[in-house]
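Next come the chains, spelled out residue by residue.
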Amino acid sequence: MNTITKNTAASLTELRSKVPLVHNITNYVTVNDVANALLAIGASPIMADDINETADITAISSALVINIGTLNERTIASMIVSCKKANALGIPVIFDPVGAGASKFRNDTTKEILKQVKVTILRGNLSEVSFVAGLEVTTKGVDSSEADECNDNVAVAKTVAKNLNCIVAITGAVDIISDGERVVKISNGHKRLSKVTGTGCMTTALVGAFSGAGTDYFTAAVGGVASMGIAGEIAFEKAGNIGIGSFHMAIIDALSNLDGEMMLKRAKLDEE
Amino acid sequence: MNTITKNTAASLTELRSKVPLVHNITNYVTVNDVANALLAIGASPIMADDINETADITAISSALVINIGTLNERTIASMIVSCKKANALGIPVIFDPVGAGASKFRNDTTKEILKQVKVTILRGNLSEVSFVAGLEVTTKGVDSSEADECNDNVAVAKTVAKNLNCIVAITGAVDIISDGERVVKISNGHKRLSKVTGTGCMTTALVGAFSGAGTDYFTAAVGGVASMGIAGEIAFEKAGNIGIGSFHMAIIDALSNLDGEMMLKRAKLDEE
Amino acid sequence: MNTITKNTAASLTELRSKVPLVHNITNYVTVNDVANALLAIGASPIMADDINETADITAISSALVINIGTLNERTIASMIVSCKKANALGIPVIFDPVGAGASKFRNDTTKEILKQVKVTILRGNLSEVSFVAGLEVTTKGVDSSEADECNDNVAVAKTVAKNLNCIVAITGAVDIISDGERVVKISNGHKRLSKVTGTGCMTTALVGAFSGAGTDYFTAAVGGVASMGIAGEIAFEKAGNIGIGSFHMAIIDALSNLDGEMMLKRAKLDEE
């Protein structure tokens, strides 16, 4: 049993006892699952995106999760105001740059958020985080060919973590968590997770839940990502042969049953 | 068998035969469950929130449900226009002041709605309705310490019902329905309901369904709240040991199977 | 085995191999189910509705699905910009005029979209498509009594298909697909489908998935509609006696399990 596994299991127990309030400014596609995933893992979700109240809601929350899945000008402004409040109060900001790289608008928004906000944890897939890596390279005047050399996800995670001085979580077949120095690889999960919309968004929100429970942010990123990976495995065992609808429901079932003991048993975490 | 139980059971039978159209201006977190809960209980849902059509949609509906879960300036204006149309046409307005007390914006919006609109039924948890109680007290120039004396939910429900001349439903471990004079306590429900997002929103919509079926509004409030309570009990019996995802689905299953006979058997209603 | 059945089955196999990206500008009530239905049938969904990026997202997609279920001024503008981009690039546009006929705003929006956009496939229920039929009649200066003569769904489908030079799919107890000349009747489906919100929206999105996979658009319309019909039948067999929540989930299960062989066996398609 390695240290990161023990710490992650302990942090889940802590999360369930603290029931942190997690403020989400997120997309309308997966928002219901995000709220139910947060409830299932033991947090309390609140969604609020109007600029007249977002900073007030952030101020009473333990973590802020922003997700640009269905971004629009109205909510981008709300995200930035909320993030600045979170930064001022020392509340962790978890950023999911959904679809970064897919449109100029998403790219510009991602750039603007990273310029104006101190992000605590960045969670995305390799394509999204690679876009951020390239962006960072570019904004530093480095030739984009250097970004191309970030030819594996560990290198991308470390680069972005160093450049942004944050924790980076790249989810994929093997998930990578890095703060620029430390690297943890998570081998949990199931490829079927990609057939349910919102498993990425839920993972980001789970990272927010762990972050809001007082866990150190590196462990929080590991905890959120590992929770979804384990839930995906259990859901596949229970409902994998039935279909995607049953599997979807079984993910929430598994998250609601997950505790520190199961985390200890099932987490496959390797620290380099 | 008491009278309120008989009336509530009869009103569910009536609802299923009438299939009332219920217009919802609600939040994007739980809107899918709200629509499915309305279909399950025998109503027909319509969601429309653009000010260019909301009053037209209200005019063809049998009840209007407004919910400020993810309020924003655009939809608040739509809510007020729709409510005024409902008031003018004698269509019941059911108001769910989600999160009232949590931000100045929610507080101001709640205040504005109550100022401009005649609400037929107010449905919230103790915290939300207590905020409204305090607001009423304040707007009447009464010291807020008087609001503090509303130290139990029956007193809060009666006070707000009298002040607003409406029906008030406070949901909790025991649900309270009052019109300021009459008080019905509902002992159905299951604490697990609080682990699924939107059970409150669905309850409010169910109250709208009963209200739109021609039931007197007091019985409608009892019917909507009791329906969710009974559905929660049945869902827990069916799926309580599996997890929150299965329990969530079983709530909709139970609502779709609920009829007058089951209401007679399972409703735990006490009129003071 | 008739030709349309063979072609439809082959097109599903093709769809699963191509994984087309389908851009949806749709309503917030059923958007999660729309995304999961697209994933289940083998497509890749993307939702984007801000005018700063919608045309860019359309340009990288294989089909565009627009749905006015919760229309508002902001997203209508995005729909039109995206549709024009799709028209310019030869990307199919699938239009679901949800609630056309129910409010002046929906009517005007439907009219405006049909005026500015070349729609590839129109999918609606009889009421919605009849509204479009009447609109066409009216805009051609024909007496509305002539529209009344469109007294069955085949006539309505053919009329609208001819007038708009597109494929029309009218879903109901028997579904009708027509391009103005050809007519296919689909006898799959289950009446319980109308008790789950979003089965219409999902059907429209499935038509988008088939359209984006390179299938001829007539077969694509048949394929999308038949897929939902068959999924509804299978879902009823699996979960019909349990309740609407389980039935809802079983629809997605069935879509995820559907393949060309099952389509061959279960599709009930008759070409006149």
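Relevant structure appears above.
Remember, it's a predicted structure, so these values are computed and weren't measured experimentally. (Residues numbered from 1 in each chain as written. Chains lettered and ligands numbered in written order. Predicted model: local features only at pLDDT ≥ 70, side-chain atom pairs only at ≥ 80, totals over all residues.)

> Explanation requested: the environment of Gly229(C) in the structure shown.
Residue and element names in this part refer to chain C. Here Gly229 shows up in helix H10 (residues 217–239). Residue classification places Gly229 among the buried residues on the basis of 25 C-beta atoms within 10 Å. Residues Gly229 and Ala173 lie 56 residues apart in sequence; the distance between their C-alpha atoms is 9.9 Å. Beyond its immediate sequence surroundings of up to four residues, Gly229 is in contact with Asp175, Ile186, Asn188 and Gly189. (Helix = DSSP H or I, 4+ residues; strand = E, 2+ residues; numbered from the N terminus. Buried ≥ 20, exposed ≤ 12 C-beta atoms within 10 Å, placed from the backbone. Contact = placed C-beta atoms within 7 Å.)

> Please explain the interface of chain B and chain C as it appears in this structure.
Quite often, the size of an interface is put as the accessible area lost when its parts meet. With 24 residues of chain B at the interface, the matching set in chain C holds 23 residues. Among the secondary structure elements, those contributing two or more residues to the side of chain B that touches chain C are helix H2 (31–41), strand E2 (44–47), helix H3 (54–59) and helix H11 (244–257) of chain B. The element that contributes the greatest number of residues to the side of chain B that touches chain C is H11(B), accounting for 8 residues. Across the side of chain B that touches chain C, the residue classes tally to 14 nonpolar, 5 polar and 5 charged. (Nonpolar A, V, L, I, M, F, W, Y, C, P; charged D, E, K, R; others polar.)

> Quick question: what am I supposed to make of the relation of the copies chain B and chain C here?
Each of the two chain copies can be generated from the other by rotation about an axis followed by a shift along it. Once turned by 120° and shifted 0.0 Å along the axis, chain B lies on chain C with an RMSD of 0.0 Å. The transformation just described matches what one would write down for a three-fold rotation axis. Across chain B, the smallest distance between a C-alpha and the rotation axis is recorded for Tyr28(B), namely 3.6 Å. (Least-squares fit on C-alpha atoms with pLDDT ≥ 70 in both.)

> Whenever I open this one, the interface of chain A and chain C confuses me. Can you help?
Contacts between chain A and chain C engage 23 residues on the former and 25 residues on the latter. Secondary structure elements with two or more residues in the side of chain A that touches chain C: helix H5 (104–116) and helix H11 (244–257) of chain A. The element best represented in the side of chain A that touches chain C is H11(A), accounting for 5 residues.

> Help me understand the sheet that holds strand E2 (residues 44–47) of chain C, please; the structure alone is not making it clear to me.
Strands belonging to one sheet form pairs held by backbone hydrogen bonds; the direction of such a pair is parallel or antiparallel. Residue and element names in this part refer to chain C. Read from one edge to the other, the open sheet built from 9 strands follows the order E2-E1-E3-E4-E5-E6-E7-E8-E9, with strand pairing classed as mixed. The two strands at the open ends of the sheet, each matched to only one other strand, are E2 and strand E9 (269–271). Averaged over all adjacent pairs, the angle separating strand axes in this sheet is 20°, with direction ignored. Taken together, the 2 bridges between strand E4 (residues 93–96) and strand E5 (residues 121–125) define a ladder with parallel strand orientation. What sits directly across from Ile94, in E5, is Ile121. Sheet strands in contact with helix H4 (residues 73–89) are strand E1 (21–25), strand E3 (63–67) and E4, and its direction is about 155° off that of E3. (Pairing = 2+ DSSP bridges. Axes fitted to C-alpha atoms, helices over the stretch in contact; angles between N-to-C directions.)

> Would you mind going over the environment of Ser44(B) with me for this structure?
All names here are of chain B. With respect to the helices, strands and loops of the structure, Ser44 is situated in strand E2. Sequence separation between Ser44 and Val34 is 10 residues; the distance between their C-alpha atoms is 11 Å. Setting aside residues up to four positions removed in sequence, Ser44 forms contacts with Val19, Pro20, Leu21 and Val22.

> What is the right way to read the relation of the copies chain A and chain C from this model?
In the superposition of chain A on chain C (RMSD 0.0 Å, axial shift 0.0 Å), the rotation amounts to 120°. Little of the interface of chain A is mirrored in chain C, where only 13% of its interface residues again form contacts.

> For this particular structure, what's the right way to read the packing of helix H9 (residues 199–211) of chain B against helix H10 (residues 217–239) of chain B?
In helix packing, the relevant descriptors are the interaxial angle and the interaxial distance, both defined with respect to the helix axes. Residue and element names in this part refer to chain B. Orientation of H9 relative to H10, taken along the N-to-C sense of each, is 140°, at an axis distance of 7 Å. The angle between H9 and H10 places the two elements in the oblique class. The two elements H9 and H10 meet at a crossing, and its hand is right-handed. Along the contact surface, H9 presents Thr199, Met202, Thr203, Leu206, Val207, Ala209, Phe210 and Ser211, while H10 presents Tyr217, Ala220, Ala221, Gly223, Gly224, Val225, Ser227 and Met228. Within the contact of H9 with H10, the residues separate by chemical class into 10 nonpolar, 6 polar and no charged. (Parallel < 35°, antiparallel > 145°, perpendicular 65-115°, else oblique. Left-handed = near helix turned anticlockwise from the far one by under 90°.)

> Whenever I open this one, the pairing of E2(B) confuses me. Can you help?
Taken residue by residue, a regular strand's side chains alternate between the two faces of the sheet. All names here are of chain B. Alignment of strand E1 (residues 21–25) against E2, held across 4 bridges, turns out to be parallel. Residue Asn24 lies in a different strand from E2, and its bridge partner there is Met47. As a crossover connection, the stretch from E1 through H2 into E2 is right-handed. (Right-handed = clockwise from strand over helix to strand, strands pointing away.)

> What is the right way to read the sheet that holds strand E4 (residues 93–96) of chain B from this model?
All names here are of chain B. The strand order across the open sheet formed by 9 strands is E2-E1-E3-E4-E5-E6-E7-E8-E9, and the pairing between neighbours is mixed. Here the strands that pair on one side only, and so sit at the sheet edges, are E2 and strand E9 (269–271). Taken over all neighbouring pairs, the strand axes of this sheet differ in orientation by 20° on average, direction set aside. Pairing between strand E8 (residues 183–186) and E9: 3 bridges, direction antiparallel. Considered in E9, the bridge of Lys185 is made with Asp270. Lying on the sheet, H2 is in contact with E1 and E2; it crosses E2 at an angle near 155°.

> It is not clear to me how unusual backbone geometry should be interpreted in this structure. Could you clarify?
Peptide bonds are mostly trans, and most non-glycine residues show a negative phi. Residue and element names in this part refer to chain A. Even without being glycine, Val19 reaches a positive phi, approximately 45°. Tracing the backbone through its elements, the reader meets Val19 in the loop between helix H1 (3–18) and strand E1 (21–25). Judged by local crowding, Val19 falls into the partly exposed class, with 15 C-beta atoms found within 10 Å.

> Would you mind showing me how to read H9(B) here?
In an α-helix, one turn spans 3.6 residues; hence positions three or four apart end up facing the same way. Between its terminal C-alpha atoms H9(B) stretches 18 Å, which fits the 18 Å expected from 13 residues at 1.5 Å a residue. Where burial is concerned, most of H9(B) is hidden: 13 out of the 13 residues are buried. (Expected span 1.5 Å × (residues − 1).)

> Sorry, what's going on with the packing of H10(C) against helix H11 (residues 244–257) of chain C here?
All names here are of chain C. In the contact formed by H10 and H11, the axes pass within 8 Å of each other and the chain directions differ by 125°. Classed by the angle they form, the pair H10 and H11 counts as oblique. Relative to H11, the crossing made by H10 is right-handed. Facing Ser227, Ala231, Gly232, Ile234, Ala235, Phe236, Lys238 and Ala239 of H10, the residues of H11 in contact are Ser246, Phe247, Ala250, Ile251, Ala254 and Leu255. Per-class residue counts for the contact of H10 with H11 are 10 nonpolar, 3 polar and 1 charged.

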